[in-house]
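Summary of structural features
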Amino acid sequence: MNTEKTRFKKNLYIAIVSQLVSSGAGITISFIVPRFLGVREYGFWQLFLFYVAYVNAASLGLFDGLYLKRGGDDYDTLDTSLIGTEWRLHILLQILIGLVLAVIVLRLDLEIDRKVVLLTCCFCIPIINSNDYIGKLLQAVNRTSLYSVSVILFNAMWFVGVAVMYAARWYSYKIIVLAYVIGHILAGIYLNYHAKNILFAPRCRISEVISDMKENIRVGICLFAAGYASSLIIGSVQFLVDRSWGIEVFGKVSFALSITYFFLRFISQVSMVLFPALRRIDEQQSVDIYISLNKSLDLLLPIILMGYFPIKLILSIWLPQYRESMNFLLYILPICIFDGKMQLLFDTYYKVLREEKKMLWLNVSAMFFSIVITIITLQVTTDLTYVLIGIIITLALRSLRAYMYLCSKLQIPKDDLFLNLITVTVFIGTAVILEDPAALFVYVCFYCVILYLHKQEVKTVLSDLKGFIKK
């Protein structure tokens, strides 16, 4: 038991260090690179990030199934022969898929920069999917510290890329893309080294490997599809923005989104450590942690919105060409409230409870709602603001549905159903109506009132978190 506590602490600490490095890299990429790149060059860099996020579609949920099946297992009990042979066959298929897609891209009639972006994504397919396979496996068996170190290695390359770009005075998105690829290669080398006893274990019978791969895909396909549906709630809007407004507006919207993802990355690191830990504790402890985390997030996530006002002031001076992005950020930053809670709390508990099908239908319905509301909005108006409001509404409804279902599943009372929605409405309303200093003052006063009305919950949350950390 003491070993488990020590491992959890180690995993959490390294995850935090990983996030600090990721945050530094995120600041560099989000706030330094746009200073050097033109709006169009930055747009293509964001277009690359947009497309490369979907390269693991080629795995069809294989490592998601591996993650769910092995979640909570011990590393020493793994069937190294089976998993190692499966990994090698998986990578061979990924190389083949990458080559086929590259040939298709070469035959498309696209501008050269779009071809460069798509061909690089094809090259990344086997590299990223190999890393994801090993990373998911290590996360599942509670060796998340190894995965976190690989994330540190990957993010370190951002600093190298920016330094090279600045030294060479060659301000091109291609250098940043190259740093991205090299970062994944370095992370892959590290992961392969620490999993070498698995990856290079004696070969298993192909029939047995194919059977296990089918089972992993069967188990993981719902979680895989749910993850993609979730990303496409915003991704579909980004795609339509690119098609309707062009690469420069796409870049400005993506710039505002990158600031939001800066906050969400920390949440994803915590949820990565939380899942295997929850799989190892009893049901009552799991329910207690859910209640504590839910209250904590309701009270802590709204603090992020206060950052809008200083961020807007600083970036309007530092990056005047992205002033329009600050208008978008007003409607994009609240994503942290709804998507942050979804990632850290609801998604994690759906996985722990093995409710991937429920998660799938929840995200698919939200994705289609987002697409429909975006298309209708584009037919009525060309104002992008209404499209972004549509995203907030979609994510708020998804979060509310997830919360109500889990409360029923875990048999706990439903409290403060609309607190997050009211908080976001007050934030946007004050920012639109008032000048920034007055808006910040009103929002801070509102937040203090919330804390006062929930003072008992604040004490409980602080006590619960302290006890959870000790455990």
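About the criteria used
- Residues numbered from 1 in each chain as written.
- Predicted model: local features only at pLDDT ≥ 70, side-chain atom pairs only at ≥ 80, totals over all residues.
- Heavy atoms only, no water.
- Phe/Tyr/Trp six-rings, centres within 6.5 Å; stacked < 30°, edge-to-face > 60°.
- Helix = DSSP H or I, 4+ residues; strand = E, 2+ residues; numbered from the N terminus.
- Buried < 20%, exposed > 50% of the residue type's maximum accessible area, 1.4 Å probe, protein only.
- Salt bridge = Lys/Arg side-chain N within 4 Å of Asp/Glu carboxyl O.

Scanning all chains against the criterion turns up 24 aromatic pairs. Centroid distance W87 to F200: 6.2 Å. Interplanar angle 80°. Geometry classified as edge-to-face. Of the two residues, W87 is situated in helix α4 (residues 80-107) and F200 in the loop between α8 (196-199) and α9 (206-245); the sequence distance between them amounts to 113 residues. For W87, a relative accessible area of 9% gives the class buried. In this structure F200 comes out as exposed when scored by relative accessible area, which is 57%. Of the aromatic side chains, those joined through ring pairs into one cluster are F50, Y51, Y54, F224, Y228 and F250.

What follows covers the pattern of salt bridges. Applying the stated criterion across every chain, the model contains 10 salt bridges. In this structure, the salt-bridge partner of D298 is K341, at a minimum N-O distance of 2.6 Å. In this pair, D298 is assigned in helix α11 (residues 283-300) and K341 in helix α15 (residues 335-352), connecting sequence segments 43 residues apart. Overall, D298 belongs to the buried group, its relative accessible area being 9%. The closest approach of N and O atoms between D436 and K312, which form a salt bridge, is 3.3 Å. Within this pair, whereas D436 is found in helix α19 (residues 436-453), its partner K312 is found in helix α13 (residues 308-318), the two being separated by 124 residues in sequence. Through salt bridges that share partners, R40, E111, R114 and D242 make up one connected network.

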